[in-house]
Structures are given as C-alpha cells and as structure tokens.
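Architecture and fold: a report
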Amino acid sequence: MLDFESFQQYVKDNIKDFLPSEFADAEVNLQTVNKNNGKQLHGITIRTGENPVCPNIYLDQFYENYKEQGMDIDVVMERVAQLELEHMNPSEDFSSIAEKFKDVEFIKSHVVVAIVNAEKNAEMLQNTPHKLTEDLAIIYKVYLGGGSDGIGTITIKDEHMKQWDISLDELHACAMENSKTIMPAKVQDMGSVLAEMMGGMPEDMMPMVAEDKMMYVISNEQKVNGAASIIYSDALEKLSEKLGTDLYILPSSIHETIAISANFGTPEELAQMVREVNATQVSQEEQLSDHVYKYDAKTKTLSLADVEGLSQDISKVSEDKQTYDAVNTEVSRPRHHR
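Presented here is a report on the structure given in the accompanying data block. (Residues numbered from 1 in each chain as written. Predicted model: local features only at pLDDT ≥ 70, side-chain atom pairs only at ≥ 80, totals over all residues. Heavy atoms only, no water.)

This part covers the pattern of salt bridges. Counted under the stated rule, the structure contains nine salt bridges. With its nearest N and O atoms 3.8 Å apart, the salt bridge here joins Lys180 to Glu177. Remark: Glu177 and Lys180 occur in helix 9 (residues 168–182); sequence separation between them is three residues, near one turn of the helix. Residue Lys180 is classed as partly exposed on the basis of its relative accessible area of 42%. Exposure remark for Glu177: the relative accessible area of 48% places this residue in the partly exposed category. Shared partners join several salt bridges into a network, and the residues in it are Glu105, Lys108 and Glu170. (Salt bridge = Lys/Arg side-chain N within 4 Å of Asp/Glu carboxyl O. Helix = DSSP H or I, 4+ residues; strand = E, 2+ residues; numbered from the N terminus. Buried < 20%, exposed > 50% of the residue type's maximum accessible area, 1.4 Å probe, protein only.)

Shown next as structure tokens:
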C-alpha cells in the first residue's frame, strides 16, 4: 500500500491516463493549501491550454478511501478524473475572476471580513493583511457569489495588496461596509434554529423559555464565516436592548457565535464549556476560540471576559494564477451548538 506522499505522486503521474485526449498536454501540479487554524490539505491542479482558472482537487479524502476503506487505486483515479471533468469549465462569471482580480474597484465593492484565531493562524497571517483584536484576527476575502451549495471567496494576501496599491485601512473600511449588505447578520433564538434543522416544528411543541434565558445564534444569511457578523453589524446592540442586559458571546465556530444574557453563568464556567465542545464536537478547521467575550451594553464594546490583561476590544478595531476548490469553495457547514 502506498504512503500518502507516494499516493500523491502516483495520482500526478497517472491522472492523464484516465482523462480524455484533450488533457494530453495538460500541466499537472501538486500543492499544499493552508486552511484555517493551520490545517493543511493536499491538492492537484490540472491546467489545460491558457485557461487562467482551474479546479483544485483535494486528495486527502481520496487517500482515506484508498487506505482505510480499501478502495482500488484505479477507482480512486477514475473519481479524481470525474471530478476534474465536472469542474473544468466553471461558470462565465467564475472564469473571469482572474481579470476581475486585477481591478481594484471590483475588489473594493466585493471585499468582506472574516475572523480567525490569531495564534493558531500565526503562520498564515505573516503574508495576509489583517487587524488584530483580542485573540482574533480580522482578515479579508473577495466575495465571488454563491448558491444553494455555498459561497465562493478568495482570501486576500499581501501580494494582492501590492498589485492594487491600496492601504489596509481603506480595505478594512470597504470590507466592513460591504459585509453589511453582502453577508447581512442574522439572529435566531435556539428554538427556531432547532426547529429549522428538524424541518419545522409545531409551535405547541416548542419549549417555553423566557427571552432573557434563551440562547441566540448569531451568523449571517449565508451561514458561512458568520462569526464575523459580531464586528460589522449592530446585532449585539439590538439583542442587548431586547434583553435589557449585557451579553456573553460564545464562539461556536468561525461560522457563528452564540449569545446569552450576562445574568446567566460566569465567564469561567462558559469558557470551560466552550473548550469542551471545541475538543469534542467542532472540527479543527472550524474552531474560532476557547474564550468567551462580553458585550457591554453601555459602552457598546466587546472584549474578552475570561482572560485578564488583554483589553483591546473588537468594536474599536472595527472603526479603525487562480485556482478554486473542485467540490466547492466555502460552503455552509453543519452547526455545532452548545
């Protein structure tokens, strides 16, 4: 049985045998892609002709099928080839990305924000424009559109900033404004979320919970990178006014947060719960933080609640050849609730 390195090389050396003749002169390359929190995925790109855009097919799961499930290597090759054929001709809008990415005005109107854990993404942040806040980093993505199976984005790197000749402050301001309309915040009480997940639930079967004792899920309409909505929307302000209290914010994942009244639980107890859930229920790639945040209704600021010595709050910071994934770009994830 091949080890993973040999498996990747085998796919690279033999994939053309499983593709039509038009791929005879294709350029085949292996690449390692750094995902959130330092997770790495290993992909293959098959570029034909002068096409500036091609799919990035990740081989990690294919190797699991081969090693753990005993899938025949020829079957694996056929499935990689099939995925390439399904995604070799992206939509007209998507295939024009290379040209659009040169247009700074397009970038200014399509850039949005996302937040990630600063420590776990320290290596990635070395060449990625960002703003630090508490234990988080605000990064920037160009929104490429979306559909029923998710959305497409490209993370902005330092090399892009040099091409566009745009400052970080200007990029940040555009991203904060765009995010409000491109990825508007969405707040739902936990009961409504559970009913939605179950395909609907009669109102008389819904548990009766007082508003100030309820959990609220905060994300965006797309449910992708929705945790960032707490820095560019007024969702926390409106929710605290509704409940009449400060809020504790639990980072459920990079895609959403959970808010509760600050009258319930202590930051230390809540942080312990966050750590336990991260360790057992949230994938490495989707974890945001092991800490809890507090929204102060009077000052309208958000800061770490369970750690002393870090005082820079999020709201103050907020004032201040292309490839794409073959299966999807950044898609809606199953929720991990506390």
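What follows concerns the side chain of Asn65. Along the chain, Asn65 falls in helix 2 (residues 60–67). Accessibility expressed as a relative area gives 12% for Asn65, which makes it buried.

Turning to the sheet that holds strand 8 (residues 185–189), a few remarks are in order. Strand order in this open sheet of six strands is 8-9-11-10-12-13, and the pairing throughout is antiparallel. The open sheet is flanked by strand 8 and strand 13 (301–304), the only strands paired with a single partner. Put simply, the sheet's adjacent strands are angled 30 degrees from each other on average, direction ignored. For strand 10 (residues 247–253) and strand 11 (residues 256–261), the ladder comprises five bridges, and the chain directions are antiparallel. Bridge pairing in strand 11 places Leu250 opposite Ile258. Where helix 12 (residues 235–243) meets the sheet, it contacts strand 8, strand 9 (216–220), strand 10, strand 11, strand 12 (293–296) and strand 13, and its direction lies at approximately 160 degrees from that of strand 9. Together, strand 10 and strand 11 form the strand contacts of helix 13 (residues 267–280), whose direction differs from that of strand 10 by roughly 10 degrees. (Pairing = 2+ DSSP bridges. Axes fitted to C-alpha atoms, helices over the stretch in contact; angles between N-to-C directions. Contact = heavy atoms within 4.5 Å.)

So, about the pairing of strand 10. The buried fraction of strand 10 amounts to seven of the seven residues, a majority that puts the element mostly inside the structure. The loop that links strand 10 with its antiparallel partner strand 11 comprises two residues. Alignment of strand 10 against strand 12, held across three bridges, turns out to be antiparallel. Looking at strand 12, one finds that Tyr248 is bridged to Lys294.

Moving on to the packing of aromatic side chains. Taken as a whole and assessed by the stated rule, the structure comprises six aromatic pairs. Note on Phe7 and Tyr66: the rings are 5.5 Å apart at their centroids and 25 degrees apart in plane angle, and the pair reads as stacked. Within this pair, whereas Phe7 is found in helix 1 (residues 4–14), its partner Tyr66 is found in helix 2, the two being separated by 59 residues in sequence. Phe7 gets classed as buried once you look at its relative accessible area, which sits at 0%. An angle of 40 degrees between the planes, with centres 5.9 Å apart, marks the rings of Tyr63 and Tyr66 as tilted. Separated by three residues within a single helix, Tyr63 and Tyr66 lie in helix 2, roughly one turn from each other. Judged by relative accessible area, which is 10%, Tyr66 ranks as buried. (Phe/Tyr/Trp six-rings, centres within 6.5 Å; stacked < 30°, edge-to-face > 60°.)

Further remarks concern helix 3 (residues 73–87). Under the 1.5 Å per step criterion, the end-to-end length of helix 3 is 21 Å for 15 residues, consistent within 8% with the ideal 21 Å. For helix 3, every residue scored as buried is listed here: Ile73, Val76, Met77, Val80, Ala81, Leu83 and Glu84. Down the axis of helix 3, the buried side of the element spans an arc of 155 degrees, and every buried residue falls inside it. For helix 3, the N-terminal cap is Asp72; the gap from its side-chain oxygen to the backbone nitrogen of Asp74 is 2.9 Å. (Expected span 1.5 Å × (residues − 1). Arc of directions from axis to C-beta. Polar contact = N/O pair within 3.5 Å; in protein donor to acceptor, adjacent residues only side chain to side chain.)

On to helix 12, then. The α-helix winds at 3.6 residues per turn, so residues separated by three or four positions along the chain end up facing the same way. For helix 12, the full list of buried residues reads Ala235, Leu236, Leu239, Ser240 and Leu243. Each buried residue of helix 12 sits inside an arc of 120 degrees when the element is viewed along its axis, so together they form one side. In helix 12, the exposed positions that point more than 90 degrees away from the buried face belong to Lys238 and Glu241.

Here we take up the nonpolar core. By size, the foremost hydrophobic cluster in this structure holds 47 residues, and its most contacted members are Val113 and Ile156. For Val113, the residues in contact, after removing those within four places along its chain, are Ile138, Ile139, Tyr140, Ala175, Met176, Ser179, Ala228, Ile231 and Tyr232. Counting 22 residues, the second largest nonpolar core, distinct from the first, contains Ala26, Ile73, Val76 and Leu83. (Core = buried A, V, L, I, M, F, W, Y, C linked by side-chain atoms within 4.5 Å.)

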